[in-house]
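# Reading the structure
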Amino acid sequence: MIAECQLATDLVRCAVLMLLYEKPLHGYAIIEGLGERLERTISPATVYPFLTQMLAVGYLTATQDNVGKRARTVYSMTAEGRKFSEGIFRRLSQIVSTAIEPSLVHCSHCGSKLYEAGHVEEIKGRQTVFCCIHCAKAHKQAE
Ligand SMILES: [Zn+2]
């Protein structure tokens, strides 16, 4: 059986990378940001060990930020951490594009993939999809 919780944990970790790639955040802001992005409550127990690991390998640095009497730890991504994250993001986007590829519609003229609704025209009684009006025009001229 595939450990679903392990996959979910990995997803949370990827989201942590995305958040810290954007800007430095303190621990609670990370938990909150994850809740917003993933639309569920994320346990600090999932996040903090990962932050500790990232600190240990030098992908993050931690600084103390004093808010009133309380000190908060702010996590910032280092240049190495950014490089690491970019590698992860690249791999993720490859996986995602492979996953959505079969459901993509291609332009009937140039064959480019349509990520959004294309330009549809009825040609010889068939609904034909193009990426743009220019492809539709070129296609009709070629008929
Ligand atoms: Zn086209």
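Quick note: structure is the one above.
Below you will find a few notes about this structure. The residue numbering used here restarts from 1 in each chain and proceeds along that chain's sequence as written. Per-residue local features are limited, in this predicted model, to residues with pLDDT of at least 70; the limit for side-chain atom pairs, both in listing and counting, is 80 or more; totals at the level of whole chains, interfaces and linings are taken over all residues. Remark: hydrogens and water are excluded; side-chain values derive from all non-hydrogen atoms of the structure.

One broad trend across soluble globular proteins is that nonpolar side chains are buried collectively. Each nonpolar core is a collection of buried residues, namely Ala, Val, Leu, Ile, Met, Phe, Trp, Tyr and Cys, held together in the definition by side-chain atoms within 4.5 Å. Burial status follows relative accessibility: with a 1.4 Å probe on protein chains alone, a residue under 20% of its type maximum counts as buried, one over 50% as exposed, and anything between as partly exposed. Grouped together as the largest cluster of nonpolar side chains are 22 residues, with contacts concentrated most on Val16, Leu20, Ile30, Leu34, Val47 and Leu51. Helix and strand labels come from DSSP, where a helix needs a run of H or I of at least four residues and a strand needs a run of E of at least two; each type is numbered from the N terminus. Breaking this core down by element, the ones donating at least two residues are α1 (4-22), α2 (27-38), α3 (44-56) and β3 (70-77). Per element, the largest residue contribution to this core is seven residues, and it comes from α1. When neighbours within four sequence positions are excluded, Val47 is seen to be in contact with Val12, Val16, Ile30, Ile31, Leu34 and Ile42. The next biggest cluster of nonpolar side chains, apart from the first, holds five residues, and it includes Cys107, Phe130, Cys135 and Ala136. Only heavy atoms enter the contact rule, under which two residues are in contact if any of them lie within 4.5 Å.

The geometry of an aromatic ring pair is captured by the separation of the ring centres together with the interplanar angle, meaning the angle of the planes. Under the pairing criterion, centres of Phe, Tyr and Trp rings, with the six-membered ring standing for Trp, must be within 6.5 Å; the plane angle then separates stacked pairs below 30 degrees from edge-to-face pairs above 60, leaving the rest tilted. One pass over the full model with this rule turns up two aromatic pairs. Seen in terms of ring centroids, Tyr21 and Phe89 are 5.4 Å apart; in terms of plane orientation they differ by 80 degrees. Their pairing is edge-to-face. Of this pair, Tyr21 sits in helix α1 while Phe89 sits in helix α4 (residues 79-100); the two residues are 68 residues apart in sequence, bridging distant segments of the chain. Ring geometry for Tyr59 versus Phe84: centroids 4.6 Å apart, planes at 25 degrees, classification stacked. Here the residue Tyr59 occupies a position in the loop between α3 and β2 (60-67), and Phe84 occupies one in helix α4, the gap between them amounting to 25 residues. The partly exposed category is assigned to Phe84, whose relative accessible area is 31%. Here the guanidinium or amino end of Arg82 rests over the ring plane of Tyr21, the centre of that ring lying 4.1 Å away. Look at NZ for Lys and CZ for Arg. If either is within 6 Å of the ring centre and within 35 degrees of the ring normal, a charge sits over the ring.

The next point concerns the packing of α2 against α3. Every angle, taken between N-to-C directions, lies between 0 and 180 degrees, and every axis is a line fitted to C-alpha atoms, over only the stretch in contact when it is a helix. Two elements in contact, α2 and α3, have axes whose closest approach is 10 Å; the angle formed by their N-to-C orientations is 125 degrees. For the element pair α2 / α3, the angle class is oblique. The handedness of the crossing between α2 and α3 comes out as right-handed. Judged by residue contacts, Gly27, Tyr28, Ile30, Ile31 and Leu34 of α2 engage Pro44, Val47, Tyr48 and Leu51 from α3. Counted by class, the contact of α2 with α3 contains eight nonpolar, one polar and no charged residues. Each angle is binned into one of four classes, with values under 35 degrees roughly parallel, values over 145 roughly antiparallel, values of 65 to 115 roughly perpendicular, and all other values oblique. By convention, the crossing between two helices is left-handed when the near helix turns anticlockwise from the far helix through less than a right angle, and right-handed when the turn is clockwise. Under the scheme applied, nonpolar residues are Ala, Val, Leu, Ile, Met, Phe, Trp, Tyr, Cys and Pro; charged residues are Asp, Glu, Lys and Arg; polar residues are all the others, including Gly.

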